[in-house]
Amino acid sequence: MPELLIDDADGVRTLTLNRPDSFNAFTVALKEQLLAAVDEAARDGAVRAVVITGAGRAFCAGQDLKEHIALLEAGDPAPLRTVEQHYNPLVKAVVAMPKPVIAAVNGTAAGAGASLAYACDLRIAARSAKFLMAFANVGLTADSGASWTLPRLIGHGRAMEMMLLAQPVAAEEALRIGMVNQVVPDGEALATALELARRLAAGPTTAYAKIKEAMAFSGELAAALDVEARTQAEAGATADHREAVAAFVAKRPAEFTGR
């Protein structure tokens, strides 16, 4: 089964994360396929707007921790490089995409999955969707641009609360604080996003590209991504992180020591 589905209609390209049994968690393969697809959509003149969504009940649960811990236990350095190799380029590609990108958040968005939604230009959320910054729960820090995108959406104080306490924010609260643009009944997020994307695809897309360039302050984003890459690699090398992912996979409480 393909991990990423690609569909074109009416100038809109829909990218669907397709690992529903794993809540569309990011494996290395999915990250590489999504990055390639976003780059291709940016280059394709027939694509005038992009929608990103998830299959099944979740939008994206973030990093696939089962794959992650297997690589850690094998002594593979890949997990500590994934921010630089995958997440940072993906966020840069979405933000720099010279056409509108809409996240159809059909269910829970956590960690890098939530960060992907924040990097999009607009977010349509299903009523049962939740947003969770769960990095601290596994002994990690923010990545995938969230240190830059999330405070710009909801303010520094609320963003810090989400990062430190790792408590989910429901769709209606997300709408109230500006994290999402619209909340729709369950099952309607994708259809609503596609309708909006078709409207944008029929609009002045060159102007949209210039609006995105002006709004992005890409120098600030690049600096934030560099800090994320460094701090995530440092956090990923801690005993706390190894303990947290081992506890997650074993479904037991983690015992943190601060090392």
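Okay, so let's go over this structure.

The rules we used
Residues numbered from 1 in each chain as written. Predicted model: local features only at pLDDT ≥ 70, side-chain atom pairs only at ≥ 80, totals over all residues. Heavy atoms only, no water. Helix = DSSP H or I, 4+ residues; strand = E, 2+ residues; numbered from the N terminus. Buried < 20%, exposed > 50% of the residue type's maximum accessible area, 1.4 Å probe, protein only. Contact = heavy atoms within 4.5 Å. Areas by Shrake-Rupley, 256 points an atom, 1.4 Å probe, with all protein chains shown as cover. Lys, Arg positive; Asp, Glu negative; His and termini not counted. Charge placed at Lys NZ, Arg CZ, Asp CG, Glu CD. Pairing = 2+ DSSP bridges. Axes fitted to C-alpha atoms, helices over the stretch in contact; angles between N-to-C directions. Salt bridge = Lys/Arg side-chain N within 4 Å of Asp/Glu carboxyl O. Polar contact = N/O pair within 3.5 Å; in protein donor to acceptor, adjacent residues only side chain to side chain. Parallel < 35°, antiparallel > 145°, perpendicular 65-115°, else oblique. Left-handed = near helix turned anticlockwise from the far one by under 90°. Nonpolar A, V, L, I, M, F, W, Y, C, P; charged D, E, K, R; others polar.

Broken down by element type, the protein carries 11 helices and 10 strands. In terms of its C-alpha atoms, the protein occupies a principal-axis envelope of roughly 55 × 40 × 35 Å. Burial statistics for the protein: of 259 residues in total, 51% are counted as buried. Across the protein, the fraction of contacts at a sequence separation of at least 24, relative to all contacts at a separation of at least 6, is 72%. Of the roughly 11700 Å² that the protein leaves accessible, carbon and sulfur atoms contribute 56%. Charged side chains in the protein number 25 positive and 30 negative. The centres of these two groups are separated by 2 Å.

In spatial order, the strands read β1-β2-β3-β5-β7-β10; together these 6 strands make up an open sheet with mixed pairing. On the outer flanks of this sheet lie β1 (4–9) and β10 (182–184), each paired with one strand and no other. Across the sheet, the mean angle separating the axes of adjacent strands is 20° when strand polarity is ignored. The pairing of strand β2 (residues 12–17) with strand β3 (residues 49–54) spans 6 bridges and is parallel.

Bringing the side chain of K99 into the picture now. For K99, the position within the fold is in the loop between α3 (78–96) and β5 (101–105). Notably, K99 is buried but unbridged: the nearest opposite-charge side chain belongs to D44, and the N-O separation is 6.4 Å. Only 3.3 Å separates the side chain of K99 from the backbone oxygen of A42, close enough to count as a polar contact. Reaching out from K99, the side chain makes a polar contact with the backbone oxygen of D44 at a distance of 3.0 Å. Sequence-distant contacts of K99, defined by excluding residues within four places in its chain, comprise A41, A42, D44, V47, R48, A49, D121 and K212.

Turning our attention to the side chain of K212. Counting through the fold element by element, K212 comes out in helix α9 (residues 205–216). Side-chain polar atoms of K212 contact the side chain of D121, separated by 2.9 Å. For K212, the residues in contact, after removing those within four places along its chain, are V94, V95, M97, K99, V101 and D121.

Before going further, it helps to spend a moment on the packing of helix α5 (residues 146–154) against helix α6 (residues 156–165). As a packed pair, α5 and α6 sit with axes 7 Å apart at the nearest point and diverge in direction by 130°. One finds that α5 runs oblique with respect to α6. By crossing handedness, the relation of α5 to α6 is classed as right-handed. Along the contact surface, α5 presents A146, S147, L150, P151 and I154, while α6 presents H156, R158, A159, M162 and M163. Looking at side-chain class alone, the contact of α5 with α6 contains 7 nonpolar, 2 polar and 1 charged residues.

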